[in-house]
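# Breakdown of the fold
Here are the chains, one letter per residue:
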Amino acid sequence: MSRRILVLVLLLPGLLFAGACDGGGSEKPAKKADFDAAQTLRQAAQAMGAVKSVAFTVTSEGKTPVMVKGGDLKLLRGGDADGTLTVEQQGQNVEMKVVAVGDSIYLDAGTGGWRKLPKALAATMYDPSAVLDPERGISKLLASAASPQAQAVETVDGKETNRVGAKLPKAQIAGLIPGIDADLDGQLWVSRTDHRLVKVRGAFPGGKGAVVITFTEFDAPYKISAPK
């Protein structure tokens, strides 16, 4: 065997291994955090305060200590909403349809049609109108987040975002997810182009899971009416 062939034989396993580790399917690493975290949150609070409508999803990571485990809703700034919620009842997750119109909220858990309740009463479980409320919602949470730190630049749902780490005060986050009774370690993803909040994640103390809220379809012309 020639010397050149011997060298190729010895190098071949390493070349194959390196090629496998450098496959095209790997995710792109996060970019360096080249932004001011506090300014990012101020811009996001202002941008979210001007949003007229939004679609958002709520998901849970692990067994979270709150009733609401998930949701997928469309919301108008005035508080009208339409979608689904997943709530824990007697140890079981139950999905229900939700429509909020004016001072009323309509619930359908698939057990006998729609049930109409005053929105104030239903708010003890979940009040979607709080999300875009300037005094209770996302813009207030962004303005109240403590100790912001620039973490990374990441792509979320095709949007380049600034990821900010911060402490989420219970007084503000509880308005979005009722039942939260402690500050949460949070991460917030803010679009670098329009400064809107794309995603927020709050981790419960003691390793009790996390809640994630994702925002899409800003300012869409939703038409929401009471179910018949």
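Since we're looking at a predicted model, the values are computed, not measured. Going along each chain's sequence as written, the residues are numbered from 1 onward. Per-residue local features are limited, in this predicted model, to residues with pLDDT of at least 70; the limit for side-chain atom pairs, both in listing and counting, is 80 or more; totals at the level of whole chains, interfaces and linings are taken over all residues. For side-chain calculations, the full set of non-hydrogen atoms in the structure is used, while hydrogens and water are omitted.

### A word on the confidence of the model for the protein chain
Put simply, the rule reads: Each residue carries a pLDDT score, the predictor's own confidence in it, on a scale running from 0 to 100. The criterion used for residue contact is that any of the two residues' heavy atoms lie within 4.5 Å.
On average, the protein chain scores 85 in pLDDT, and the residues at 70 or more come to 87%. Ignoring residues within four places in sequence, the model shows residues 1-27, a span with pLDDT below 50, making one contact including any to other chains.

### Overview of the pattern of salt bridges
Quick reminder of the rule: One speaks of a salt bridge when a side-chain nitrogen belonging to Lys or Arg is within 4 Å of a carboxyl oxygen belonging to Asp or Glu. Strands are runs of DSSP state E lasting at least two residues, helices are runs of H or I lasting at least four, and both sets are numbered from the N terminus onward. The rule is simple: take the accessible area with a 1.4 Å probe, protein chains only, and divide by the maximum for that residue type; under 20% is buried, over 50% is exposed, in between is partly exposed.
What the rule picks out here adds up to 11 salt bridges. A salt bridge links Glu88 to Lys63; the shortest N-O distance between them is 3.7 Å. Note that Glu88 is positioned in strand 3 (residues 81-89) and Lys63 in the loop between strand 1 (53-61) and strand 2 (68-76), a separation of 25 residues in sequence. By relative accessible area, Lys63 is classed as exposed at 65%. Linking Arg136 and Asp133 is a salt bridge whose minimum nitrogen-to-oxygen distance equals 3.2 Å. Residue class for Arg136 comes out partly exposed when judged on its relative accessible area of 34%. Among the charged side chains, a network of salt bridges with common partners joins Asp34, Glu160 and Arg192.

### Section: the nonpolar core
Which entries qualify depends on this criterion: Here, the term nonpolar core denotes a set of buried Ala, Val, Leu, Ile, Met, Phe, Trp, Tyr and Cys residues that are joined through side-chain atoms within 4.5 Å.
Ranked by internal contacts, the top residues of the largest apolar core, which has 50 residues, are Phe56 and Phe215. Counting residues per element, this core draws most heavily on helix 2 (residues 37-49), at five residues. Those residues in contact with Phe215, other than ones at most four positions away along the chain, are Met48, Val54, Ala55, Phe56, Val131, Ile138, Leu197, Val198, Lys199 and Val200.

### Digging into the pairing of strand 6 (residues 115-118)
Note the cut-off: For two strands to count as paired, DSSP must find a minimum of two bridges between them.
The pairing of strand 5 (residues 104-108) with strand 6 spans four bridges and is classified as antiparallel. Bridge pairing links Ile105 to Leu117 in strand 6. The loop that links strand 5 with its antiparallel partner strand 6 comprises six residues; one of these, Gly110, has a positive phi angle of about 80°.

### Describing the sheet that holds strand 4 (residues 92-101)
Basically, it comes down to this: For helices, the fitted line uses only the C-alpha atoms of the stretch in contact; every axis is such a line through C-alpha atoms, and the angle between N-to-C directions lies from 0 to 180 degrees.
Pairing in this open sheet of 11 strands is antiparallel, and the strands run 6-5-4-3-2-1-11-10-9-8-7 from one edge to the other. Single-partner strands in this sheet number two, and they are strand 6 and strand 7 (146-156). Averaged over all pairs of adjacent strands, the angle between their axes in this sheet comes to 20°, without regard to strand direction. As judged from the eight bridges shared by strand 7 and strand 8 (residues 159-168), these two strands associate in the antiparallel manner. Counted as the bridge partner of Ala150 is Val164 from strand 8. Packed on one face of the sheet, helix 2 meets strand 7, strand 8, strand 9 (184-191), strand 10 (197-203) and strand 11 (210-216) and runs near 75° to strand 7.

### A closer look at unusual backbone geometry
With phi around 70°, His195 is a residue other than glycine that occupies positive phi space. By the element assignment, His195 lies in the loop between strand 9 and strand 10. The class of His195 is partly exposed, set by a relative accessible area of 27%. At Glu217, a position not held by glycine, the phi torsion is positive, near 50°.

### Things to note about the packing of aromatic side chains
Stated precisely, the cut-off is as follows: We call Phe, Tyr and Trp rings a pair once their centres come within 6.5 Å, taking the six-membered ring for Trp, and we label the pair stacked below 30 degrees between planes, edge-to-face above 60, and tilted otherwise. A ring has a charge above it when a Lys NZ or an Arg CZ is no more than 6 Å from the ring centre and no more than 35 degrees off the ring normal.
Summed over the entire model, instances satisfying the criterion amount to one aromatic pair. Note on Phe56 and Phe215: the rings are 6.3 Å apart at their centroids and 35° apart in plane angle, and the pair reads as tilted. Residue Phe56 is located in strand 1, and its partner Phe215 is located in strand 11; the two are separated by 159 residues in the primary sequence. Among the residues examined, Phe56 registers a relative accessible area of 1% and is labelled buried. Of the residues examined, Phe215 reaches a relative accessible area of 1% and is grouped as buried. Between Lys199 and the ring centre of Trp189, over which it is positioned, the NZ or CZ distance is 4.3 Å.

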